[in-house]
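# Structure at a glance
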Amino acid sequence: MTETAPLPRADRPAPPHRPTAARRALRALAILACVPYVSLKVAWVAGSEIGIPAGSVLLEHPRLMAVANSVTVLADVLVVVLALLLTQAWGRRFPAWLLALPMWAATGLLTPIMTGYPTQLVVAALTGGDGQADAAGEPFLDPWVFGVVYGGFILQGLALGTLFTWYARDRWGHLWSGRLGDPAARAAGPGVRAAALAGSVTALVAAAPHLLWAAGATTGLSARRISERGADFFVLEAQWTGFLAVAAVATLALVLRRPARLRVRTALALAWTASAAVGCWGAYMSLVALLPETDPTKHVPGLVQLSYAGDMITGFLLAACVAAFLRRRSAEA
């Protein structure tokens, strides 16, 4: 999705428009959903310990946490900017790549929460547990914090995702019309096909440890992590396995134009969402794993770090294939 190639009609901004009542409502919802998270983060940066129990690991590195909390506040401010951009006339003239990149990141960071947290709640309700093992170690956050923060994230994802879908349909809807096997569509070049194949191989490799851990294996896990495993752990590992599989299959479908009768918008939505989920969370967890830690029991084992890196590489590589597909469709238009 780029502006460098001349596109006669593919990315012509739509005429200025007034946001409909539905768009205004979703914009307000996206902005208001940021308030609980931003309020907590600002309070923590200011020195408050609201929602943080005594003995929490979050209290061990106050300066580091202040920096991290400040960065995450800026990330939520970006949600507000995106909500405005997607509903204002000036947003129709915004460079495509400059909008696609933060929206891809937002999709990747919010989607796993939108799918994983409700699943964890359902599993906890069915099993009568809290999702954590009985041998869970140090406290982290008060339970109510997760409900408030993740609830806000889910509302952000729903509102922002709907607004982006409407915006993209109005501006670029022609890029995902039709089916993969339409005769007029050009086949992907050898470089894109090679990249998609490489991304699928890395997805297979990255999915292997997640699948093993979801099945109950302890290979590569620290003794501390093994003792803390609960239903939440298994839900998340199964989720990562699913995202990796969907990202690889959907991207290959776009690149190879198979199955021919599959709608382009279906394959594109799956490839976009799944590649963003594994790429962005893989990058985030890789960064967290590199943070300094004085307690040797809290060090992230090598295999776990490799799995994070594999997720990140897979997501970024497959996302590049999606971008190449969209650029080719723009040229065709």
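Conventions adopted
Residues numbered from 1 in each chain as written. Predicted model: local features only at pLDDT ≥ 70, side-chain atom pairs only at ≥ 80, totals over all residues. Heavy atoms only, no water. Salt bridge = Lys/Arg side-chain N within 4 Å of Asp/Glu carboxyl O. Helix = DSSP H or I, 4+ residues; strand = E, 2+ residues; numbered from the N terminus. Axes fitted to C-alpha atoms, helices over the stretch in contact; angles between N-to-C directions. Left-handed = near helix turned anticlockwise from the far one by under 90°. Contact = heavy atoms within 4.5 Å. Nonpolar A, V, L, I, M, F, W, Y, C, P; charged D, E, K, R; others polar. pLDDT = per-residue confidence, 0-100. Expected span 1.5 Å × (residues − 1). Phe/Tyr/Trp six-rings, centres within 6.5 Å; stacked < 30°, edge-to-face > 60°. Buried < 20%, exposed > 50% of the residue type's maximum accessible area, 1.4 Å probe, protein only.

Applying the stated criterion across every chain, the model contains 5 salt bridges. A salt bridge links Arg23 to Asp170; the nearest nitrogen and oxygen atoms lie 3.0 Å apart. Placement of Arg23 in helix H1 (residues 21-32) and of Asp170 in helix H5 (residues 143-172) is noted, with a sequence separation of 147 residues between them. A single salt-bridge network, built from bridges that share partners, covers Arg23, Arg92, Arg169 and Asp170.

Right, let's talk about the packing of helix H3 (residues 62-85) against H5 for a bit. Running from amino to carboxyl end, H3 crosses H5 at an angle of 30 degrees, the nearest separation of the two axes being 10 Å. As for the relative orientation of H3 and H5, their crossing is left-handed in sense. Taken together, the residues of H5 that come into contact with H3 (itself represented by Asp76, Val79, Leu82, Ala83 and Leu85) are Phe153, Gln156, Leu160, Leu163 and Tyr167. Along the lines of polarity and charge, the residues of the contact of H3 with H5 split into 8 nonpolar, 1 polar and 1 charged.

Attention now goes to the confidence of the model for the protein. Averaged over all residues, the pLDDT of the protein is 89; the fraction at 70 or higher stands at 91%. In the predicted structure, residues 1-16 sits below a pLDDT of 50 and forms 32 contacts with residues beyond four places in sequence or in another chain.

What is expected of a backbone is that most residues other than glycine have negative phi and most peptide bonds are trans. Omega for the peptide link from Arg258 to Pro259 comes to 0 degrees, which places this bond in the cis form. One can find Pro259 in the loop between helix H8 (231-256) and helix H9 (264-289). The backbone of Arg257 sits at a positive phi, close to 60 degrees, despite the residue not being glycine. Relative to the helices and strands, Arg257 resides in the loop between H8 and H9.

Our focus in this paragraph is H8. Between the first and last C-alpha of H8 there are 38 Å, a value that for 26 residues agrees with the 38 Å anticipated at 1.5 Å per step. Where H8 terminates, the next one or two residues include Arg257, which has phi positive at roughly 60 degrees.

This model, assessed by the stated rule, comprises 12 aromatic pairs. With a centroid separation of 6.0 Å and 45 degrees between ring planes, the pair formed by Trp240 and Phe243 is classed as tilted. Placement of the pair is Trp240 and Phe243 together in helix H8, with a separation of 3 residues, close to one helical turn. Neither residue differs from the other here; Trp240 and Phe243 are each classed as buried. Among the aromatic side chains, those forming a connected cluster through ring pairs are Tyr37, Tyr117, Phe140, Phe146, Tyr150 and Phe153.

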